[in-house]
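A look at the structure
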Amino acid sequence: MPAASSAHLPRRIVVKLGTGVLTTGIGQLNTERIAALAAGISGLRASGVEVVVVSSGAVGLGMGRLGLKKKPSAIARKQACAAIGQSLLMQTWQRAFDPHGATVAQVLLTHEDLRSRARHLGVKACLQELLDYGVVPVINENDTVSAAEIKFGDNDTLSALVAGLVDAQHLVILSTAPGLIDMKGTGKILPVVEKITPEIEAMAGGTTDVTATGGMISKISAAKVALRAGCAVSIASGAEPDILARLFRGDNPGTTFIPAGVPLESRKRWIAHYQRPTGEILVNANAVPALRDQGRSLLAIGVTGSRGRFAPGDIVNILGPDDTVLARGETAFGDADIARIAGLPSEKLKPLFPGRKHLEVIHRDDLVVL
Ligand code: GLU
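What comes next is a walk through the structure. (Residues numbered from 1 in each chain as written. Predicted model: local features only at pLDDT ≥ 70, side-chain atom pairs only at ≥ 80, totals over all residues. Heavy atoms only, no water.)

Examining the sheet that holds strand S14 (residues 325-330)
As a reminder of what qualifies: What makes two strands pair is DSSP finding at least two bridges between them. Every helix listed is a DSSP run of H or I at least four residues long, and every strand listed is a run of E at least two residues long, numbered separately from the N terminus. Here an angle of 0 to 180 degrees is reported between the N-to-C directions of two axes, which are lines fitted to C-alpha atoms, with helices fitted over the stretch in contact. Should any heavy atoms of two residues lie within 4.5 Å, those residues are considered in contact.
What the 5 strands build is an open sheet, ordered S12-S11-S13-S14-S15; its pairing is mixed. Only two strands of the sheet have a single partner each, and these edge strands are strand S12 (303-307) and strand S15 (367-369). Taking each pair of neighbouring strands and ignoring which way they run, the sheet shows an average axis angle of 25 degrees. Pairing of strand S11 (residues 279-283) with strand S13 (residues 315-319) involves 4 bridges; the strand directions are parallel. Paired with Glu280 across the two strands is Asn317, which belongs to S13. Lying over the sheet, helix H11 (residues 266-273) contacts S13, S14 and S15, oriented at roughly 120 degrees with respect to S14.

Notes on the site of the ligand
Stated formally: Proximity criterion: a residue is near a molecule or strand once any of its heavy atoms comes within 4 Å of it. For the purposes of these results, a polar contact is taken to be a pair of N or O atoms within 3.5 Å, where, inside protein, one atom must be able to donate a hydrogen and its partner to accept one; residues adjacent in sequence count only when each atom of the pair is a side-chain atom. The Shrake-Rupley method, run with a 1.4 Å probe, gives the accessible areas here. Residue values count only the displayed protein chains as cover. Ten residue types, Ala, Val, Leu, Ile, Met, Phe, Trp, Tyr, Cys and Pro, are classed as nonpolar, four, Asp, Glu, Lys and Arg, as charged, and the remainder, Gly among them, as polar.
Taken together, 9 residues sit near the ligand, with Ala58, Val59, Asn140, Asp143 and Asn155 positioned nearest. One nitrogen or oxygen atom from the side chain of Asp143 is found 2.8 Å from a nitrogen atom belonging to the ligand. Here an oxygen atom of the ligand sits 2.6 Å away from a polar atom, N or O, in the main chain of Asn155. Coverage of the ligand by the protein chains reaches 94% of its 300 Å² of free accessible surface. Its residues placed into classes, the shell around the ligand shows 2 nonpolar, 5 polar and 2 charged.

Here's the deal with empty space enclosed by the protein
Summary: where empty space remains is shown by rolling a probe the size of a single water molecule over the atoms. Put simply, the test is: Space inside and on the surface of the protein is sampled on a 1 Å grid over the protein atoms alone, with a cavity defined as a set of points where a 1.4 Å probe fits but cannot get out and a pocket as an open set with protein on both sides within 12 Å along at least 5 of 7 lines; lining residues have an atom within 4 Å of a point. Grid points are joined across faces, edges and corners, and a volume is the space filled by probe spheres set on the points.
Inspection of the entire model under this criterion finds 1 cavity of 30 Å³ or more. Estimates place the volume of the largest cavity at around 50 Å³. His120, Leu121, Lys124, Gly164, Leu165, Ser266, Arg269 and Tyr274 together form the lining of the largest cavity. For the lining of the largest cavity, the secondary structure elements donating two or more residues are helix H6 (117-132), helix H7 (155-165) and H11. In terms of residue count, the dominant contributor to the lining of the largest cavity is H6 (3 residues). Of the residues contributing to the lining of the largest cavity, the split by class is 3 nonpolar, 3 polar and 2 charged.

What to know about the packing of aromatic side chains
Note the cut-off: Here a pair means two rings of Phe, Tyr or Trp (six-membered ring of Trp) with centres within 6.5 Å. Their orientation is stacked below 30 degrees between planes, edge-to-face above 60, and tilted elsewhere. The buried label applies to any residue whose accessible area, calculated with a 1.4 Å probe on protein chains only, is under 20% of its type's maximum; exposed applies above 50%, and partly exposed to all values in between.
By the definition in use, this model includes 2 aromatic pairs. Judged by centre distance (5.2 Å) and plane angle (65 degrees), the rings of Phe333 and Phe353 are edge-to-face. Note that Phe333 is positioned in the loop between S14 and helix H13 (335-341) and Phe353 in the loop between helix H14 (346-349) and S15, a separation of 20 residues in sequence. Looking at Phe333, the relative accessible area reads 0%, which means it is buried.

Right, here's the structure in full:
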């Protein structure tokens, strides 16, 4: 059954489901709730909304199968749990969508898959293909092969990166948390957040659940990433019946974050959020407003030095004199050259790099203020 009149519905959404929503206790599937969520998603699909699911639960289900009461700290055991739980998770999703005549597709991603531009675009094209076929992609991190240094870490972050990747208009994070509680004011759920201020961030606390990973802190940082891509974000309780229909009917059961400003275009999004910077370029006080307020390129004259090892084409953070991260960008110079050119005006650079056309350290098209 269609969820609502299609006039106000987004074209494409990402729904992220936390382990706590999909299970009762450790590793026991909450089949009734999963059926209700599949019905909610199917209702939206029937109204013309394309839905990409990001589902946690692999590690939790694996723990249940193995009779483990605590999340294993050994990486290999966690990976083993994920390998066991992931297939159970997919069987469950397919069974839940069967009554609605929908096919699900398993998509397992590592950070590397979104980091390399070619693979990033490949995943995007594949998800588009699945959506064109009317299939429901069910994405999870490929925990079985993700070692610590290549991990997204939590599925909140993953869901925000996926929302940017597929150009979703809305990311819905359903967990056991009903929304962001207004700790300063009413003690109730904040219905709408127009800007993530330090006060808003202070309202989030970490998770204490044995199977959960992120908690509210990771949801807020995921919200920031999605908002920069122009995607609205709602945090609501996956335990509430009809939560998706209610959300898109405009009842706003939870907290909705509204994107502001012009969304970052896809290449800049890729630079800002999908990369792990390999080094840092330090800039002087004059460079700060030029980059932050005037949208200029970073020139050698504004550079005071660098930290870490990096090569031309690597993604680096740009730090102001107070040592806070100001921007991120694709550097045109490696760290060895930065040491030679820091502080030099462009005319002095020319003889050092004869024949080179572009002498910006980071061109403004390759630079994102954070
Ligand atoms: N990828 C993990 C799993 O499927 C969950 C990570 C998370 O909940 O954030 O178990």
